[in-house]
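# Architecture at a glance
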Amino acid sequence: MAQSRLTKTERKALLDILGCQHLSLLYKASLHTYNVNAFHNKCDSQGPTVVVGYNASGYIFGGFTEQSYASAGKYLFDNNAFMFRLKGKGQEPSILKFPVKNAVEAVLDNSAYGPTFGANTLVFLSESKNSVTTDANTNSYTLSAEDLHGNDQVLLECEVYRVEGLSSVLEKPWREMTWTAKKREALMKEIRTYKPCLDAVPQCRVLLVGPVGAGKSSFFNSLNSTFRGYVSSQAAAGSDSTSLTKQYRTYQLKSGSDRAPLPIIFCDTMGLEAQPNTGLDIEDVRSILEGHIPDRYSFNPSCVMSPNMPNYIKSPSPKDRIHCVAFIIDGSKVEILPEKLEEKLKDIRRKANSFGVPQLVILTKVDQICPIVEEDISYVYKSMAVQKQMRLMEAKLGIPLSHIVPVKNYSSELELRNDVDILILMAVRQMLRLAEDYFDDFDDEPSVTRSTKDCYAEP
């Protein structure tokens, strides 16, 4: 019986990428030969499959399709096909995922070819040899050959597995949620009546940080809409290749027709970018966390804020500091988050930890992760695809799963929706709870007194 080359750790990582329960080895080139006919004899009519290649540089990479091979001589349409890197040169799994861009030509099913993804984007068993060919210039997938396999196209081994136990929906939600209008009103009341448990801090300050296009400003606008009672757009939001937010802005939320201020202030920043000297500078983050940067400060990536600059707040009080950091991440792009961008997020996390500031991740655009969630947001905690993205985010940033919350921002809607509001309000409630942990650390500061009122008491 053929033995898989995957280690236990690698197999687990591959199962997580695929969202399946089991893999059955169908074809192993070193046993069945590097031959196109051998591949089709073993793998046609087997349902969803994943091909895994190994090279001498240490890379493990491949591609997945939900469609079954049949030697039909045509392209297979597959919205869920993707290519992936399971491991780079290091010892531990280093996951990158490259989703299909043109589903019409996701996979070529032809008896004269081995596993072929896209219009020759990635071809295994090319000319029945122990190699792959790669063309990153097609419109089928967006990828870099260097990232995929280190430009080493000679195979030490090629394996194809049948993917079993694929499921998109869990029988029971893994987080219990109530989706009623009553629950929405209860959450809104809880947020309205919240009072930080420090007399010196009238409002909790939350810093929003995330890559360009992840939805930072859209999240604020969505929450603002929930409390205004209609869809609004106070903060600049939209799609662009560079950050729409150019200034450090503090946004005050107000509720209802009387426009009563809420006990939370959101601090918006430039979006993070992978390239050096672009987007928010990590050194500016330190000044923001400590409360040195004033509202409407214009960011300059080539010159960070310093004490000798105008408007620098030299002696910030506890109310000026950041009490919680919220990482805003596009949930549909977790796998393809650039490594340099991931490192910037980790740097910010380390700085926040050094100041004792708690953090959470807000995973936006969850409706784009799973078609079922797109149809019905209340399936968000039943969706295996959403759960997979959240667990992958946990692994990438080292933030506990309990500190990761999914949301859908308002984008095309003209009217408010109960399910969308509840996810947004749950995220804000989690921010306030984490901020309370931060305020607990002020007990040792003699200049700061603690309120005797309950944090959620009626005013």
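Residues numbered from 1 in each chain as written. Predicted model: local features only at pLDDT ≥ 70, side-chain atom pairs only at ≥ 80, totals over all residues. Heavy atoms only, no water.

### Brief notes about the domain arrangement of the protein
Filter applied, for reference: What marks off one domain from the next here is an automatic or database domain assignment. By definition, residues are in contact when any of their heavy atoms lie within 4.5 Å. Summed over both partners, the accessible area lost on bringing two parts together, with a 1.4 Å probe, is the buried area.
Domains assigned within the protein are domain 1 (8–166) and domain 2 (181–441). For domain 1 versus domain 2, the separation of C-alpha centres amounts to 37 Å. Domain 1 puts ten residues into the contact, and the matching count from domain 2 is seven residues. Summing both sides of the interface, domain 1 and domain 2 together bury roughly 660 Å²; the carbon and sulfur share of this comes to 53%.

### Comments concerning helix 3 (residues 36–43)
For the α-helix, the turn length of 3.6 residues means that residues three or four positions removed from each other point alike. Convention followed: Each residue is placed in one exposure class: buried if its accessible area under a 1.4 Å probe, protein chains only, is under 20% of its type's maximum, exposed if it is over 50%, and partly exposed if it falls in between. A run of H or I in DSSP becomes a helix once it reaches four residues, and a run of E becomes a strand once it reaches two; helices and strands are each numbered from the N terminus. Any pair of N or O atoms that falls within 3.5 Å is considered a polar contact. Within protein, one atom must be able to donate a hydrogen and the other to accept it, and sequence-neighbouring residues count only if both atoms are side-chain atoms.
Residues of helix 3 that are buried include every one of Val-36, Ala-38, Phe-39, His-40 and Cys-43, and no others. Of the surrounding secondary structure, the elements contacted by the buried residues of helix 3 are strand 1 (22–28), helix 2 (29–32), strand 7 (107–109) and strand 11 (155–164). Two or three places before Asn-37, at the start of helix 3, stands the capping residue Asn-35, its side-chain oxygen 2.8 Å from that residue's backbone nitrogen. Backbone geometry just downstream of helix 3 places Ser-45 in the positive-phi region, at approximately 60 degrees.

### Section: the layout of surface pockets
Selection rule: Detection works on a 1 Å grid of protein atoms alone, calling trapped sets that fit a 1.4 Å probe cavities and calling open sets with protein on both sides within 12 Å along at least five of seven lines pockets, with lining residues defined by an atom within 4 Å of a point. Grid points are joined across faces, edges and corners, and a volume is the space filled by probe spheres set on the points. Note on residue classes: Ala, Val, Leu, Ile, Met, Phe, Trp, Tyr, Cys and Pro are nonpolar, Asp, Glu, Lys and Arg are charged, and everything else, Gly too, is polar.
Within this model, the second largest pocket holds a volume of roughly 730 Å³. In this structure, the second largest pocket is lined by 27 residues; those nearest its centre are Ile-95, Arg-391, Leu-392, Ala-395 and Lys-396. Of all the secondary structure elements, the ones that give two or more residues to the lining of the second largest pocket are helix 1 (8–18), strand 6 (96–99), helix 8 (339–354) and helix 10 (384–397). Sorting elements by how many residues they give to the lining of the second largest pocket places helix 10 first, with eight residues. Along the lines of polarity and charge, the residues of the lining of the second largest pocket split into ten nonpolar, four polar and 13 charged. Each of domain 1 (8–166) and domain 2 (181–441) contributes no fewer than three residues to the lining of the second largest pocket.

### Details of unusual backbone geometry
Comment: phi is negative for the bulk of residues other than glycine, and the bulk of peptide bonds are trans. The phi dihedral of Thr-33 falls on the positive side, at around 80 degrees, and the residue is not glycine. In the Ramachandran plot, Leu-125 falls in the positive-phi region, its phi being about 60 degrees despite a non-glycine side chain. Here Leu-125 shows up in the loop between strand 9 (122–124) and strand 10 (132–134). Given the relative accessible area of 1%, Leu-125 is considered buried.

### Notes on the sheet that holds strand 5 (residues 82–87)
Our working definition: Note on pairing: two strands pair once DSSP finds at least 2 bridges between them. Here the axes come from fitting lines to C-alpha atoms, over the contacting stretch only for helices, and the angles between their N-to-C directions go from 0 to 180 degrees.
Taking strand neighbours across the sheet as the criterion, the six strands line up as 1-11-2-3-5-6 in an open arrangement whose pairing is antiparallel. Two strands lie at the open edges of the sheet, namely strand 1 and strand 6, each paired on one side alone. Direction aside, the axes of adjacent strands within the sheet are offset by 25 degrees on average. Relative to strand 6, strand 5 runs antiparallel, the two being bridged by four bridges. Following the sheet pairing, Phe-84 is matched in strand 6 by Lys-97. Strand contacts of helix 1: strand 1, strand 2 (49–55), strand 3 (60–65), strand 5, strand 6 and strand 11, with the helix running at about 155 degrees to strand 5, the strand carrying the most contacts.

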